[in-house]
Amino acid sequence: AGMEQQTIQAEPGAPIEIESLCPRCENNGTTRLLMMEIPHFREIVLMAFECPHCGERNSEVQFAGLIGEKGRKYHLRVEPGDLRAINRQVVKSDHATLSVPELEFEIEPGTQKAQLTTVEGILSAAAKNLQQHQEERRKEYPEVAAKIDAFCEKLESCARAEMGFTLEVSDPSGNSYVESYEQDVAKDGRLTMTYFERTKEMSRKMGLKVEEEEPEIKPDDPYHGPNSRGIVGPGSSVARGDENKVAKLMGKYTSPEEVMTFPGSCSACGADAETRMFVTNIPFFGEVIVMSNSCESCGYKNSEVKAGGGVPEKGHKISLTVTDEIDMNRDVIKSDSSSVSIPVLELTTALGTMGGIVTTVEGLLKEIEKTMRSTSRFQIGDSATAEDKDKWDKWLAKFEGLYTLKEPFEVILDDPLGHCFVTPLEDDVADDDRLNVVEYVRTEDQDLEFGITQLRLMEEEEKQKLKQQDEEGGGEGGKKEELASID
């Protein structure tokens, strides 16, 4: 629908109504806009148009938030007869790919506009779209029309949950969502969510700025070469946060001896920006690299904390018993490779949830509460049952009770890469009876997920090449010595 440019003002949370042109009859209709927050990826704008003259109606979703740091992939298994599963709400962005592997069916990015719907709605709409122009096909291409009819029957069967199927949603922008019926997605037996790094091609298709030329990496480069000190996980930074918060935390332990400045680009507007970096050391944690970006064009500022040492041989699990305000004010570095557990709430976040943050224990709780309250929007709406609403209200009330410190509770940070940190109250961590740090051996799946297995294989191949070169060099040296002795 075409809309004239105008200044719009409305109360927060209230729908906005504006007059706009109907694309069918070219009379004026009404477009309603509603800004709302959707779980895990900030805000969206719901747009609905209706024409009182010809009855034309349409709706779409536009994303008002930023593109996520990583892509997301959802995997939902629907069993035959599971009517609740097909009623799960789905937010699909313009960049998402939807597929049903059992039917070899895929909806590519850009073929459908962004929408807020359900699993049933996606499959029914796909069948409806395939049925377009079927009358003409039956006349000219009867065999093709028969195959399409048969395929549409399978889609409708899936939409009615008459047959089992799997719905996969892969979105490099991170702005798609599949509803979970559990507060903790990890406990949802039918739904799994994973994060992945965007490729350059994905970023290019989304219109993001991509560096075309990679800088030349020298073998002796201390940060990128074979002996680099950088993190090897998929997310290069341990944590991101506000520049002032990061500076305040790092300033407690040491002041930088040297601050390096080099040119870069702004991740918000793409303009040239300045990047500052310094290396510091945090007791009981190790060396870290602090990087700060600031853009004079748009004012964007951001800081990242990167691991300065190699990946530890073992993962770390940090357990903190929170009993008073001192514990609530402990500094926390939560990496983007860690999960957070609060046993009293039976809550465990997935790896990468909330990304990496530099905060305090209280700040970490507020970040988790903010995410969970956003998630509960799907369970407290008009379509939610009284039982679901009551369950969520009780759980959120229990969460708020943590801030009062009426009873001690435990917070657990589990990081397979060992890049999490909680401030100890004693010079020796072992003397802090509320803080416990346990090392554990990573599983093969964890090594594979974070790319450590691949690095080990590359290191082994490099050793084999060096060994082979040494043997070849030794052989030539032996021949020269033999010829010299003959002479």
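In the block above lies the structure referred to throughout.
Another point: the layout of surface pockets. When its volume is computed, the second largest pocket comes out at roughly 460 Å³. Taken together, 20 residues form the lining of the second largest pocket, with N58, S59, E60, K113 and Q115 sitting closest to its centre. Looking at which element gives the most residues to the lining of the second largest pocket, the answer is strand β5 (residues 57-63), with five residues. Across the lining of the second largest pocket, the residue classes break down as nine nonpolar, six polar and five charged.

Once that is clear, we can look at the sheet that holds strand β11 (residues 165-171). Strand pairs in the sheet, formed through backbone hydrogen bonds, run parallel or antiparallel to each other. Judged by pairing direction, the sheet is antiparallel, and its five strands sit side by side in the order β9-β8-β11-β6-β13 without closing on themselves. In the strand order of this sheet, the two ends are held by β9 (105-107) and β13 (191-196), each with one partner. For this sheet, the mean angle separating the axes of adjacent strands, direction not counted, is 15 degrees. Here six bridges tie strand β6 (residues 71-78) to β13, and the two strands are oriented antiparallel to one another. Across the sheet, R72 pairs through a bridge with Y195, a residue of β13.

This next bit is on empty space enclosed by the protein. For the structure shown, the criterion picks out three cavities of 30 Å³ or more. In terms of lining residues, the second largest cavity is bounded by I318, S319, L320, V332, V361, L364, V411, L413 and V422. When residues of the lining of the second largest cavity are traced back to their parent elements, those giving at least two are β19 (314-322), α8 (361-375) and β24 (409-415). With three residues, β19 is the largest single contributor of residues to the lining of the second largest cavity. Among the residues making up the lining of the second largest cavity, the classes are represented as eight nonpolar, one polar and no charged.

Take the pattern of salt bridges next. For the coordinates displayed, the defined rule picks out 20 salt bridges. One salt bridge in this structure joins K366 and E362, with 3.7 Å as the shortest N-O distance. Of this pair, K366 and E362 both sit in helix α8, four residues apart, roughly one helical turn. The partly exposed category is assigned to K366, whose relative accessible area is 47%. Here D447 ties to R456 by a salt bridge, and the two come within 3.1 Å at their closest N and O atoms. The partly exposed category is assigned to R456, whose relative accessible area is 40%. The network of salt bridges with common partners includes D324, D327, R330, D432 and R434.

Before going further, it helps to spend a moment on the state of the cysteines. Covalently bonding the sulfur atom of one cysteine to the sulfur atom of another cysteine gives a disulfide. Within this structure, the stated rule accounts for zero disulfides. In this model C54 remains outside any disulfide bridge; the closest cysteine sulfur is found in C22, 3.6 Å from its own.

A complete count under the given rule lists five aromatic pairs for this structure. Their ring planes at 65 degrees and their centres at 6.4 Å tell us that W392 and W395 sit as a pair that is edge-to-face. Residue W392 and its partner W395 are located together in helix α9 (residues 386-400), separated by three residues, close to a single helical turn. For the pair formed by W392 and W395, the shared burial category is buried. Ring geometry for F399 against Y403: centres 6.4 Å apart, planes inclined by 55 degrees, an arrangement best described as tilted. Residue F399 is classed as buried on the basis of its relative accessible area of 0%. The exposure class assigned to Y403 is partly exposed, which follows from its relative accessible area of 21%. Ring pairing ties together the aromatic residues W392, W395, F399 and Y403, which thus form one cluster.

For helix α2 (residues 119-130), built from 12 residues, the straight-helix expectation of 16 Å at 1.5 Å per residue is met to within 8% by its first-to-last C-alpha distance of 17 Å. Listing the buried residues of α2 in full gives V119, I122, L123, A126 and A127. Along α2, the residues classed as buried sweep out an arc of 125 degrees about the axis, all on the same side.

Before going further, it helps to spend a moment on the environment of L405. Locating L405 in the fold gives a position in the loop between α9 and β24. With 77 residues separating them along the chain, L405 and M328 place their C-alpha atoms 9.3 Å apart.

This next bit is on the sheet that holds β24. Taken together, five strands build an open sheet; the order of strands is β22-β21-β24-β19-β26 and the sheet is antiparallel. In this open sheet, the two strands that pair with only one neighbour each are β22 (347-348) and β26 (435-441). Relative to β26, β19 is paired through seven bridges, and the arrangement is antiparallel. Of the residues in β26, the one forming a bridge with K317 is V438.

Here we come to a negative patch on the surface. A cluster of acidic residues, E426, D427, D428, D431 and D433, forms a negative patch at the surface. Checked against the element boundaries, D427 lands in the loop between β25 (421-422) and β26. Residue classification places D427 among the exposed positions, given a relative accessible area of 74%.

Assignment of secondary structure puts R442 in the loop between β26 and α10 (444-449). A polar contact of 2.8 Å, which involves the side chain of R442, links it to the backbone oxygen of P416. In terms of polar contacts, R442 uses its side chain to reach the side chain of D447, at 2.8 Å. What R442 contacts, discounting residues up to four positions off in sequence, is V311, P312, E313, K314, G315, P416, L417, D447, I452 and R456.

Two elements in contact, α2 and helix α4 (residues 142-159), have axes whose closest approach is 8 Å; the angle formed by their N-to-C orientations is 165 degrees. With respect to each other, α2 and α4 are oriented roughly antiparallel. The crossing of α2 and α4 is left-handed. Touching E120, L123, S124, A126, A127 and L130 of α2 are I148, F151, C152, L155, E156, C158 and A159, all from α4. A per-class count over the contact of α2 with α4 returns 10 nonpolar, one polar and two charged.

Thresholds applied
- Residues numbered from 1 in each chain as written.
- Predicted model: local features only at pLDDT ≥ 70, side-chain atom pairs only at ≥ 80, totals over all residues.
- Heavy atoms only, no water.
- 1 Å grid on protein atoms, 1.4 Å probe; cavity = no way out; pocket = protein on both sides within 12 Å on 5 of 7 lines; lining within 4 Å.
- Points joined across faces, edges and corners; volume = space filled by probe spheres on them.
- Helix = DSSP H or I, 4+ residues; strand = E, 2+ residues; numbered from the N terminus.
- Nonpolar A, V, L, I, M, F, W, Y, C, P; charged D, E, K, R; others polar.
- Pairing = 2+ DSSP bridges.
- Axes fitted to C-alpha atoms, helices over the stretch in contact; angles between N-to-C directions.
- Salt bridge = Lys/Arg side-chain N within 4 Å of Asp/Glu carboxyl O.
- Buried < 20%, exposed > 50% of the residue type's maximum accessible area, 1.4 Å probe, protein only.
- Disulfide = S-S within 2.5 Å.
- Phe/Tyr/Trp six-rings, centres within 6.5 Å; stacked < 30°, edge-to-face > 60°.
- Expected span 1.5 Å × (residues − 1).
- Arc of directions from axis to C-beta.
- Patch = residues over 30% accessible without salt bridge, like charges linked within 9 Å, V, L, I, M, F, W, Y side chains within 5 Å.
- Areas by Shrake-Rupley, 256 points an atom, 1.4 Å probe, with all protein chains shown as cover.
- Lys, Arg positive; Asp, Glu negative; His and termini not counted.
- Charge placed at Lys NZ, Arg CZ, Asp CG, Glu CD.
- Polar contact = N/O pair within 3.5 Å; in protein donor to acceptor, adjacent residues only side chain to side chain.
- Contact = heavy atoms within 4.5 Å.
- Parallel < 35°, antiparallel > 145°, perpendicular 65-115°, else oblique.
- Left-handed = near helix turned anticlockwise from the far one by under 90°.

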